[in-house]
Structure formats: C-alpha cells, structure tokens
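So the chains spell out like this:
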Amino acid sequence: MTLPAASHPTPAPTTRPRRTAYLTGPGLALGAAALVPLAFLAVFFVLPVGGMLARGFLPDGSLDLSGVPDVLGRARTLRVLWFTLWSAAAGTVLTLVLGLPVAFALYRLRFPGRGLLRAVVVMPFVLPTVVVGVMFRSLLSKGGPLGALGWDGTWVPILLAFVFFNLAVVVRTVGGLWEGLDRRAEESAAALGASPWQVWRTVTLPALAPAVVSAATLVFLFCSTAFGVVLTLGGLRYGTVETEIYLLTTQFLDLQGAAVLSVLQLVAVVVLLTLAARTRRSREQSLKRVGARAAARRPRRHDIPALVMTGVAVVFVLLPVGTLVVRSLRRGGAWTLANYRALADPDSTPVLRVSVTEAVANSLRAAVDATVLAMVLGVIVALVVSRRPRSRWWSGVVSTLDGAFMLPLGISAVTVGFGFLITLDRPPLDLRSSPILVPIAQAMVALPLVVRTLAPVLRSVDPRQREAASALGAGPWRAAWTAEAPVLARPLLAATGFAFAVALGEFGATAFLARPDRPTVPVVIYQLISRPGAEHLGMALAASVILALVTVTVMGVVERLRVGSVGTF
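Quick notes on the rules
Residues numbered from 1 in each chain as written. Predicted model: local features only at pLDDT ≥ 70, side-chain atom pairs only at ≥ 80, totals over all residues. Heavy atoms only, no water. Helix = DSSP H or I, 4+ residues; strand = E, 2+ residues; numbered from the N terminus. Rg over C-alpha atoms; globule rule 2.2 N^0.38 Å. Buried < 20%, exposed > 50% of the residue type's maximum accessible area, 1.4 Å probe, protein only. Contact = heavy atoms within 4.5 Å. UniProt positions renumbered as here; feature names shortened; annotations may be inferred. Expected span 1.5 Å × (residues − 1). Core = buried A, V, L, I, M, F, W, Y, C linked by side-chain atoms within 4.5 Å. Phe/Tyr/Trp six-rings, centres within 6.5 Å; stacked < 30°, edge-to-face > 60°. Lys NZ or Arg CZ within 6 Å of the ring centre and 35° of its normal. Salt bridge = Lys/Arg side-chain N within 4 Å of Asp/Glu carboxyl O. Axes fitted to C-alpha atoms, helices over the stretch in contact; angles between N-to-C directions. Parallel < 35°, antiparallel > 145°, perpendicular 65-115°, else oblique. Left-handed = near helix turned anticlockwise from the far one by under 90°. Patch = residues over 30% accessible without salt bridge, like charges linked within 9 Å, V, L, I, M, F, W, Y side chains within 5 Å. Areas by Shrake-Rupley, 256 points an atom, 1.4 Å probe, with all protein chains shown as cover. pLDDT = per-residue confidence, 0-100. Polar contact = N/O pair within 3.5 Å; in protein donor to acceptor, adjacent residues only side chain to side chain.

Novice: Residue-level account of the overall build of the protein, with values.
Specialist: Each helix and strand in the protein was counted, giving 26 helices and 4 strands. Radius of gyration (C-alpha) of the protein: 25 Å, near the 25 Å computed for a compact globule of 569 residues. With the C-alpha coordinates of the protein rotated into their principal frame, the extents come out at 80 × 70 × 50 Å. Counting over 569 residues, the protein shows a buried share of 51%. Across the protein, contacts joining residues at least 24 apart in sequence account for 80% of those joining residues at least 6 apart.

This is the structure in structure tokens:
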C-alpha cells in the first residue's frame with residue numbers, strides 16, 4: 001500500500017497531548033465500541049452471577065449471612081476444600097516435574113520429528129474435559145490395559161488426568177520463552193567452571209522464572225476449577241469446589257451453599273492471580289533473545305534424561321488416547337463398528353432422546369454461533385485493551401477493562417449456567433427455553449481466550465508505525481489499518497479455531513442449559529457414561545473419539561498458523 005506524501009509538517013507537541021490524544025478520533029470510537037462487549041458482559045455474566053449470589057445471600061430480600069459459617073463448617077465442605085487444594089497442588093507439582101524437561105527437549109534441542117512431538121504433547125489441552133475423563137476411565141477401569149492396578153474409583157485417575165490435561169500449558173508457556181533464550185550466558189557460566197546444576201540454578205532458572213510462575217499458576221487454577229474430569233472420574237466420592245457447586249445446585253437445591261462456594265472460589269482465584277502477577281513482575285528481567293533456530297542445538301549425552309522424560313510424556317499422552325480408540329472398536333470381545341453405528345440410531349438406547357449424530361449437529365451449530373459471537377466481541381475488546389494510553393488514568397481504565405473480561409475464567413461455569421436459568425427468565429430477557437443460551441454461554445467462556453490470543457499481537461505492533469503512517473498523511477483509521485492488519489490475519493484465524501474448539505467441548509454451563517431435545521455431544525457423553533451397561537460405555541467411547549477427532553483437527557489447523565499467543569493467558 002502506497003501512502004500519500006505528507007502535506008503538512010509534523011505538528012508541534014501541545015501542552016496536554018496525552019489525554020487529548022486518547023479522547024479523540026479512533027480512541028473515542030474504540031471507547032464507544034467497547035460499550036457493546038461491556039453490555040454483553042453485564043447482561044450475560046454480571047447479571048447471572050449476581051442473581052445466583054443474591055439467591056444465596058439475599059433469600060428474603062435482605063442480607064443473610066447466617067448460613068455462611070454453617071456451609072463452611074460442614075464436614076463435606078471441608079473435605080471438598082481439602083481435596084481441591086491438595087489435588088491441585090499435587091497436579092501442579094507433577095506437571096512441572098514432567099513438563100520442564102519436555103519443554104527443554106522440544107524447544108532447545110533440534111532433532112527429527114520435534115514438530116510432531118510438540119503437536120502430540122499439546123493435543124490433550126484442546127480435548128474436551130469429559131473426553132479426558134472417559135479416556136482415563138477406559139484406561140484404568142476393569143478390562144482396561146491398566147485395570148489390574150486397581151486405581152479405578154480412587155483419586156489417582158483424577159491426578160493423572162490433571163497432569164495429562166495441563167502438560168501442554170507448561171510446555172508451551174515455558175518452552176516459548178526458553179526457545180529464544182540466548183545460550184551464551186549459560187555457556188559462559190559453564191566455561192567458568194559451573195556444573196550443569198549450578199548453570200541451571202543460577203542462570204537458566206532465574207531467566208525462566210516468570211514463565212514458570214505463570215505456568216504453575218495456570219495449572220493450579222485449571223486443576224482447582226476442574227469440572228468435567230472430576231465429575232466423570234470422581235463420582236460422589238471425590239469432588240472439587242466446582243463439582244460441589246454443581247451437586248449443591250442440581251441435587252440438593254442448596255443455593256446458599258453454592259453461592260458461598262462460588263464467592264470463595266472467586267476470591268481464591270483473584271488472590272492467586274494477583275500474587276502470581278506480583279511474583280512474576282518481581283522476577284521479570286531484561287533478556288537477550290535470539291532466533292529459535294540459533295538457540296536450538298543437537299542433543300548431547302547429558303540431554304538423555306530430558307529426552308527420556310519426553311518419551312515418557314509422549315507415551316503418557318498416547319496411551320489413554322489409543323485405549324479410547326481401541327475400546328470404542330470393541331464390543332463383546334470382538335472387533336466391531338457397532339458402537340459407532342449405534343450413534344446414528346436414536347432408538348439404540350432409552351437414555352437419549354436424539355441420536356448422537358444429531359447431537360454432533362447441535363454441537364457444531366452452537367459452536368459456530370458461539371465462535372462468531374466471541375470473535376466479534378473479542379476483536380473489539382482486544383483493540384481497546386491493546387492501546388497504550390499515555391495518561392495514567394486512561395491506562396488504569398484499560399487495565400480494568402482487560403481484567404473485567406478475564407473474570408469468566410475465574411468464575412465457575414456452573415455458576416454462570418445456573419445463573420442464566422434463574423435470571424434470564426422474565427421479560428424482556430425470558431430466554432430460558434431459547435436455544436441461543438448455549439452459544440451465549442459458550443461465547444462467554446471463549447471470549448477471554450480470544451482476547452488473550454489477539455491482544456498480545458496487537459500490543460507487539462510498534463506505535464511508531466501508526467505514527468509514521470499518520471506523518472505520511474494517512475488518517476487515524478487508515479494508519480491503524482496499515483500498521484495492524486498485516487500482523488492480525490493469522491491470529492484472527494487462530495483465535496477463530498481456538499474459540500470453536502473451546503465452544504465445542506464446553507460442558508460446565510452447557511450441562512445446565514442444553515434442552516433435552518437439543519443436547520450437545522459432551523452432554524450426551526456424560527449421560528451415556530452415567531448409565532450402567534457395556535453398550536452405553538461403548539457408545540460414550542465412540543462419541544468421545546468423534547468429538548476428539550473434530551477438536552484435534554481444528555486445533556491442528558490452528559497450530560499450523562504458528563501463532564504463539566494461542567493458549568497463553
């Protein structure tokens with residue numbers, strides 16, 4: 001694109017350029033556009049969550065906190081809180097122990113097949129949580145390859161599923177920083193006589209600390225708010241705060257108990273993210289980075305432990321996946337496609353009111369609608385929060401907006417889903433029976449991920465490019481388009497695929513909102529595995545394979561786009 005030559009000299013700076021620059025032109029237009037996603041957030045997040053909390057704390061229209069000590073003092077609540085804390089902590093430690101050597105091997109070493117192994121390790125993170133639960137049940141249950149270990153029905157499968165699901169978080173987050181780290185500092189320390197352990201402890205680990213803290217925080221957050229995995233593998237014996245909210249709401253109609261736990265979870269998430277951000281900032285340092293190709297080297301003898309750990313991780317990922325596929329093709333001890341054929345027959349089981357193929361169509365329709373919604377809103381939010389206002393006040397406003405749209409990550413999807421039912425039930429928002437509720441809830445879950453994919457890319461655009469375009473005579477919109485459009489094409493496609501995959505596998509809110517005659521695939525899978533009978537389990541396995549195949553295919557296309565901000569938060 002050829003820009004017109006400058007027709008005016010560069011204007012002299014005014015006495016108050018900072019605030020004025022943000023209140024005029026595109027800044028003002030973006031501020032107005034931000035009202036749309038803010039209204040969406042207010043109606044479909046703040047209102048349902050507020051309604052849910054009001055039912056719990058304002059049962060008769062006045063504040064009543066008398067039940068809080070009762071809820072927190074229950075033996076079951078204490079047991080759930082303890083299990084949530086220790087299982088999340090153990091899952092975080094185990095994921096880091098396994099993930100750090102894998103990140104080193106896949107991002108610092110150069111060997112054939114490295115790209116394929118990266119895809120294998122990342123795959124679990126995009127799988128629907130219900131599918132992950134079904135995988136480990138098929139692996140560890142009686143008749144499974146590891147059924148003889150006797151771990152079925154214990155907490156072990158939950159812990160293993162946590163590591164399986166979150167391994168990609170550590171590998172991507174830490175590996176992305178490690179990949180471009182200049183190795184000359186490590187080589188200098190080694191040349192001065194430092195042992196490999198001393199080099200790691202004094203040079204490498206301090207440089208990686210911000211990424212390690214981020215990864216550990218996210219893994220702990222994902223483990224402590226896990227829903228589909230724990231509901232599938234834990235049953236009534238083991239539960240986290242998330243599953244307890246679900247049971248209190250649906251089984252015991254104890255809204256006050258659910259509200260107390262929702263608030264407790266929100267406070268814990270906010271405190272955790274705040275502490276992690278402070279820790280990360282305190283350890284951030286200026287790093288000298290080089291290209292990934294320059295940083296990687298061929299493996300040496302002392303890299304064998306990391307390569308062995310990578311092999312263990314690959315087997316750990318592929319074993320449940322392979323077991324799921326194999327067992328979906330078995331019925332009555334013989335190889336068959338009966339489980340897959342039954343998916344197309346609505347009369348194959350009285351559990352379902354529709355065939356699984358119809359559920360697939362429902363999932364695809366809802367995911368497409370949710371993706372469109374999340375992308376429209378996410379692009380607006382990303383454009384707004386990526387700006388760098390020079391005024392401290394406006395900078396605070398932008399930071400507040402950025403944090404506000406991350407809130408859905410910290411609130412139980414179960415709380416949001418149930419809040420929809422109890423608040424959007426009267427005019428002008430009587431949407432209880434509307435099929436649009438499912439895509440809206442899924443869009444709310446995908447929206448923070450879209451923003452986190454696009455905003456870092458927009459922030460990476462040097463503002464001087466827009467200023468240069470403006471100096472050459474381009475208007476504000478044309479200058480922004482000239483600077484940002486070339487770098488935004490791939491991230492837009494990647495964010496679209498990521499949002500689609502997340503919406504396709506969403507289960508927490510959808511479990512509440514999906515109508516019996518329009519279930520999605522994750523809901524159908526949970527209904528099937530909740531019923532006894534080998535036929536039901538076989539159909540659940542087959543449906544899980546189909547859902548996993550669709551999700552992995554979508555994310556495979558996203559990975560081909562090589563957008564580094566996908567999956568980082």
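Novice: Summarise the UniProt feature "domain: ABC transmembrane type-1" (unreviewed entry) in the protein; cite the residues concerned and give the values.
Specialist: The sites that UniProt annotates as "domain: ABC transmembrane type-1" (unreviewed entry) are residues 81-276 and 360-558. Across residues 81-276, the secondary structure splits into 78% helix and 0% strand, with the terminal C-alpha atoms separated by 21 Å.

Novice: Quick rundown of helix H7 (residues 129-140)? Include the residues and the values.
Specialist: Under the 1.5 Å per step criterion, the end-to-end length of H7 is 17 Å for 12 residues, consistent within 8% with the ideal 16 Å. Among the 12 residues in H7, 10 count as buried, and that is most of the element. The complete set of buried residues in H7 reads Val-130, Val-131, Val-132, Gly-133, Val-134, Met-135, Phe-136, Ser-138, Leu-139 and Leu-140.

Novice: An account of the nonpolar core is needed here, citing residue identities and associated values.
Specialist: Membership of the largest hydrophobic core comes to 158 residues, with the highest contact counts inside it found for Phe-136, Phe-164, Val-174, Phe-420 and Ile-525. Examining the composition of this core, we find that 15 residues originate from one element, helix H21 (residues 437-459), more than from any other. Setting aside anything within four residues of it in sequence, one finds Phe-164 in contact with Pro-124, Leu-127, Val-132, Met-135, Phe-136, Phe-316, Val-317, Pro-320 and Val-321.

Novice: An account of the packing of aromatic side chains is needed here, citing residue identities and associated values.
Specialist: Using the criterion set out here, one finds 13 aromatic pairs in the structure. Relative to Phe-44, the ring of Phe-40 has its centre 5.1 Å away and its plane inclined at 50 degrees; by these criteria the two rings are tilted. With Phe-40 and Phe-44 both in helix H3 (residues 35-57) and 4 residues apart, the pair spans about one turn of that helix. According to the relative accessible area criterion, Phe-44 is buried, its value standing at 12%. Of note, Arg-118 hangs over the ring of Tyr-107, and the distance from its end group to the ring centre comes to 3.9 Å.

Novice: So what's going on with the environment of Val-169? Which residues, and what values?
Specialist: Note that Val-169 resides in helix H8 (residues 156-179). Here Val-169 falls in the buried class, since its relative accessible area comes to 3%. Separated by 45 residues in the primary sequence, Val-169 and Pro-124 place their C-alpha atoms 10.0 Å from one another. Residues within four places of Val-169 in sequence aside, it is in contact with Phe-125, Ala-215, Leu-218, Val-219 and Phe-222.

Novice: So what's going on with unusual backbone geometry? Residues and values would help.
Specialist: Although it is not a glycine, Leu-253 adopts a positive phi angle of roughly 50 degrees. Structurally, Leu-253 can be placed in the loop between helix H12 (241-250) and helix H13 (255-283).

Novice: Give a description of the pattern of salt bridges that names residues and reports values.
Specialist: Counting across every chain of the model gives 7 salt bridges. The shortest N-O distance in the salt bridge between Asp-70 and Arg-74 comes to 3.5 Å. With a relative accessible area of 47%, Asp-70 lands in the partly exposed category. Given the relative accessible area of 26%, Arg-74 is considered partly exposed. The partner of Arg-297 in a salt bridge is Asp-303, and the shortest N-O contact between them spans 2.7 Å. The residues Arg-297 and Asp-303 share a single accessibility class, namely buried. Through salt bridges with shared partners, a single network forms among Asp-70, Arg-74 and Asp-254.

Novice: An account of the packing of H3 against helix H17 (residues 356-385) is requested, with residue identities and associated values reported.
Specialist: Between H3 and H17, whose axes approach to 8 Å, the crossing angle comes to 125 degrees. Accordingly, the angle class assigned to the pair H3 and H17 is oblique. When you trace H3 past H17, the crossing you get is left-handed. Listed contacts from H17 to Val-36, Pro-37 and Phe-40 of H3 are Leu-373, Leu-377, Ile-380 and Val-381.

Novice: Run through a nonpolar patch on the surface, naming residues and quoting values.
Specialist: The grouping of Leu-58, Leu-63 and Leu-65 at the surface amounts to a nonpolar patch, some 280 Å² of accessible area in total. Mapped onto the elements, Leu-63 comes out in the loop between H3 and helix H4 (67-73). Leu-63 gets classed as exposed once you look at its relative accessible area, which sits at 60%.

Novice: Please set out H12 residue by residue, giving values where relevant.
Specialist: Taken across its 10 residues, H12 has 9 buried, putting it largely inside the fold. Within the span of H12, buried status applies to Val-241, Glu-242, Thr-243, Glu-244, Ile-245, Tyr-246, Leu-247, Leu-248 and Thr-249.

Novice: How would you summarise the confidence of the model for the protein if you had to cite specific residues and measurements?
Specialist: On average, residues of the protein score 82 in pLDDT, and 90% of them reach the 70 mark or higher. Within the protein, helix H5 (residues 75-108) carries the highest mean pLDDT (94), whereas helix H1 (residues 17-23) carries the lowest (46). Of the regions scoring below 50 in pLDDT, residues 1-23 engages in 27 contacts with residues more than four places distant in sequence or in other chains.

Novice: If you had to explain the side chain of Thr-371 to someone new, which residues and values would you point to?
Specialist: Positionally, Thr-371 belongs in helix H17. Under the relative-accessibility criterion, Thr-371 is labelled buried at 6%. Among the polar contacts listed, one links the side chain of Thr-371 to the backbone oxygen of Ala-367, at a separation of 2.6 Å. Ignoring any residue separated from it by four or fewer positions in sequence, one finds Thr-371 in contact with Thr-496, Ala-499 and Phe-500.

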